[in-house]
Structures are given as C-alpha cells and as structure tokens.
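Structural overview
Single-letter residue listing:
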Amino acid sequence: MPRHNFSPDEAATHPAYRIPAFSPRPDVKATLKDDQVTGTAKISWFANDTSMLYASYATGFKSGGTNTDRLEYDPADPDNPLFSQLFDPEKSQSIELGFKGEFGRDFRLSVAAFQTDFEDFQSNTFEGQGFILRNAGDLQIQGVEVEWVWQVMPNTNISGYYARNQGEYKAFVRGVCWRATPFQTGIPDAGANGDGSCDRSGRDLPYNPEDRLMIALTQNVPVGENEMFFHVEYTYASETTTDGDTDPLTLQDDFGILNLRVGVDIPEWDSTITLWGRNVTDERYYNGSYDPPLLDRGSMNSYPSEPATWGVTFRKNWE
C-alpha cells in the first residue's frame, strides 16, 4: 500500500494525529551528565553477647535520563516539562535505628525503625500508551519492621514479620491525572492544574500497603528412617492503590494469602517429595492496574492474581 504523506493541514485534522502514540514529534536531542558522591555510615553497640543496637545513615543517587516511550507532546510548547522526555536525577537520604538479639537459644528478634526522604523522586506511571516518568518532587517513606524466629520445640518452628510502611508524596505538583474515575463518576480530578497535569501532593504512595504481615509454622515429624515436614504460611497486605496515578478506582482491598506445603525426605533415595498449595483459599486480588491505550479513556485494566494452585514436586540429589 502506498504511503500517504500528510500536509501540515491534513495532519492536524487526521484522527491518527490526535493519538500521541501515532502523532509526529521531533527527535530528542539532549546531553545528560550527572554525578554525585554518596556514602553510608554505620555504628553498632553490643550490649552483651546476644544483643546489638545499631544506627545507620546513607545517601543515595539515581541518575537522570530519557524516556523513549511515545508520550503526549505539546507542539506549541516543545520545552514544556509536563511532556518532556527528559527527567532529572533522584537523590535520597535515609536513617535507620535497630535492634538484633537472641533470648535464650530459642527466640531471635530484630526490630528496625527507618525513614527515607527523596528529592526529585522518579515516578513512573503507565497510562495506556506508554510509561510517563516524571520527577515527583519530594517523597517520604517511614516505618517500622519486626522479624522473629521462635524454636518452640526441637521439631517446631514459628517465624514471621510485621512491617508498617507509610509513603507519601510531600510534593508532586505535575502528576498524571485520573482518567477512569472522572469518566465513571463525573467527578473531576480535584488535583487538576488546568495544563494536563494533576497535583498528587499529600497522597499516599501507590503499590505500597501500609501494613504487611507474615507468620509461618514448620513442623517436622520423624517417620521411621524418613522425616515428614509440614509448613503453613499466611501473608497479609492492607489496602493500596495499584496504579501510578493513584486513581481511586484502582484501590485494592486488604487481602490474605494462605500457602501450604507437606512433604517427606527420603534419605535412601537422597530425595524429597512435596505436595504444595499456593493461595489455597483462592483469594482474588490485583497486582497492578493501568488505563488501556488509544481512545478508551473510561475503563481500567488490572492484572489478576494467581488463583488457587496445587502441585507436586520431586527433587533428587545426584552425587
């Protein structure tokens, strides 16, 4: 099929011209040069032979670059940073205070409190036609983590962790706007700036459940010359949005996952047979969401979780 070359007037009225993925745009010509000295400082104090307190401070750096996806473009203002394919470096400072210790020979505990502050955080959002990577401005993440291992009896082990992790955009003036919620509800994005961007300042970080919990029980049972084992594990995550633009329609409710594993070690075969089940209660949740491409601006697509899955694994060691 012969290729048709549109004149400027034809291009301006052609439907494909209005789709950023297909519309013409100039080449990106830029030179980037970034450098930064980073470091980490740590101090620890052993209160006794079985416990330690520590503190650490670190700085981080991620260089800037170019986003080569075909994004929206403003021909009237080619240098508009809202549609720029260039992004600036990201810098961070973090501090952590913690404790690690053993209580007797049966219980180990680790506790940590942390805070990380980002400057020019590189926020990446898929909006259907490509990934929009913009510098968000200031972002803060803070929280606590607790991890433990308890050897209840010689053949019984209970382990787990709990994490409280709060992330918030302190300043993100030119974020990606919601598309699905305004279309479905008629309520406009309250953060709209009027220039195609939306203010996400003060909103929680997407893909970041504030609460996470895991607890696991492992039981070993001697069976003749063999050893049978049973493992049950439960993980929990609180609600969070599952798209980079924090659209309320992508809010994922809290959920819990139950995994099971039972097996037997066979020394004479130098092998293990395991029956396992993942997400055995068939909990349904989403791993991520995005606005579909092209002209469908009113719906939202999501990646579903893996359903209840069962299987058998046989492992053999060869010497």
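Keep in mind that what you see is a predicted model, and the values were worked out from it rather than measured. (Residues numbered from 1 in each chain as written. Predicted model: local features only at pLDDT ≥ 70, side-chain atom pairs only at ≥ 80, totals over all residues. Heavy atoms only, no water.)

1. Some points on the overall build of the protein
How we decide: Helix and strand assignments follow DSSP, with helices taken as H or I runs no shorter than four residues and strands as E runs no shorter than two, numbered in order from the N terminus. When accessible area is computed with a 1.4 Å probe and restricted to protein chains, residues below 20% of their type maximum are described as buried, those above 50% as exposed, and intermediate ones as partly exposed. For every accessible area listed, the method is Shrake-Rupley and the probe measures 1.4 Å; residues are considered covered only by the protein chains on display.
Of regular secondary structure, the protein possesses two helices and 19 strands. In the protein, buried positions account for 34% of the 319 residues. Of the roughly 19,600 Å² that the protein leaves accessible, carbon and sulfur atoms contribute 55%.

2. Side note on the pattern of salt bridges
For clarity, the cut-off: Counted as salt bridges are all cases of a side-chain nitrogen of Lys or Arg within 4 Å of a carboxyl oxygen of Asp or Glu.
Counting across every chain of the model gives six salt bridges. Note that R164 and E210 form a salt bridge whose closest N and O atoms lie 3.3 Å from each other. Of this pair, R164 sits in strand β10 (residues 156-171) while E210 sits in the loop between α2 (180-185) and β11 (211-223), placing them 46 residues apart in sequence. For E210, a relative accessible area of 22% corresponds to the partly exposed category. Residues R164 and D211 are paired through a salt bridge, measuring 2.7 Å at the closest nitrogen-oxygen approach. A residue pair is termed long-range when its members are at least 10 positions apart, and R164 in strand β10 and D211 in strand β11 qualify at 47 residues. By relative accessible area, R164 is classed as partly exposed at 28%. Judged by relative accessible area, which is 17%, D211 ranks as buried. Through salt bridges with shared partners, a single network forms among R164, E210 and D211.

3. Description of the sheet that holds strand β2 (residues 51-62)
The condition is simple: The pairing criterion for strands is at least two bridges between them, as found by DSSP. Axis lines are fitted through C-alpha atoms, for helices just across the contact stretch, and the angle between N-to-C directions can take any value from 0 to 180 degrees.
Reading across the sheet, the eleven strands line up as β1-β2-β5-β6-β9-β10-β11-β12-β15-β16-β19 and stay open at both edges, with antiparallel pairing between neighbours. Whereas interior strands pair on both sides, the edge strands pair on one side only; in this sheet they are β1 (40-48) and β19 (309-316). Averaged over neighbouring strand pairs, the angle between their axes works out to 10 degrees when direction is ignored.

4. Digging into unusual backbone geometry
We note that D120 has phi near 60 degrees; this positive angle belongs to a residue other than glycine. With respect to the secondary-structure elements, D120 resides in the loop between β6 (107-119) and β7 (122-126). Backbone geometry at D270 places phi at a positive 55 degrees, although glycine is not the residue there. Within the secondary structure, D270 sits in the loop between β15 (255-266) and β16 (271-278). The exposure class assigned to D270 is partly exposed, which follows from its relative accessible area of 28%.

5. Points about the packing of aromatic side chains
What characterises a pair of aromatic rings is the spacing of the ring centres plus the angle enclosed by the ring planes. Selection rule: A pair of Phe, Tyr and Trp rings is counted when the ring centres sit within 6.5 Å of each other, with Trp represented by its six-membered ring. The angle between the planes then sorts it: under 30 degrees is stacked, over 60 is edge-to-face, the rest tilted. Only when the NZ of Lys or the CZ of Arg is both within 6 Å of the ring centre and within 35 degrees of the ring normal is a charge said to sit over the ring.
Tallying each qualifying case throughout the model produces six aromatic pairs. Consider the rings of F99 and F103, whose centres lie 6.4 Å apart with planes at 45 degrees: the pair is tilted. Residue classification places F99 among the partly exposed positions, given a relative accessible area of 23%. Note on Y290 and Y303: the rings are 5.5 Å apart at their centroids and 35 degrees apart in plane angle, and the pair reads as tilted. One end of the pair, Y290, is in strand β17 (residues 286-290); the other, Y303, is in strand β18 (residues 301-304), and 13 residues separate them in sequence. For Y290, a relative accessible area of 17% gives the class buried. Residue classification places Y303 among the partly exposed positions, given a relative accessible area of 47%. Taken together, F99, F103 and F107 form an aromatic cluster joined through their ring pairs. Geometry around W318 places K316 over its ring, the cationic atom sitting 5.2 Å from the centre.

6. Points about the pairing of β15
Bridge count between strand β12 (residues 226-237) and β15: eleven bridges; the pairing is antiparallel. The residue of β15 that forms the bridge with Y234 is L258. Inspection of the sheet shows β15 paired to β16 by seven bridges, in the antiparallel sense. Residue I266 lies in a different strand from β16, and its bridge partner there is S271. Where β15 hands over to β16, the hairpin turn is made up of four residues, of which D270 adopts a positive phi near 55 degrees.

7. Description of the state of the cysteines
Inclusion rule: Disulfides are defined in this document as cysteine sulfur pairs within 2.5 Å.
Going through the model one piece at a time under the given rule, you end up with one disulfide. Covalent S-S linkage joins C177 and C198, the inter-sulfur distance amounting to 2.0 Å. Given an S-S torsion of about 100 degrees, the disulfide between C177 and C198 has right-handed geometry. Highlighted residues: C177 in the loop between β10 and α2 and C198 in the loop between α2 and β11, separated in sequence by 21 residues. Summarising the burial analysis for this pair, C177 and C198 share the class buried.

8. A few points about the environment of G167
Note the threshold: In what follows, residue pairs with any heavy atoms lying within 4.5 Å of each other are defined as contacts.
Within the fold, G167 resides in strand β10. The class for G167 is buried, based on a relative accessible area of 6%. Through-space distance from the C-alpha of G167 to that of E210 is 7.9 Å; in sequence the pair is 43 residues apart. Each residue touching G167, except ones within four places of it in the same chain, is listed here: Q140, I141, R203, D204, L205 and N208.

Spatial relationships are all this shows, so hold off on functional conclusions.
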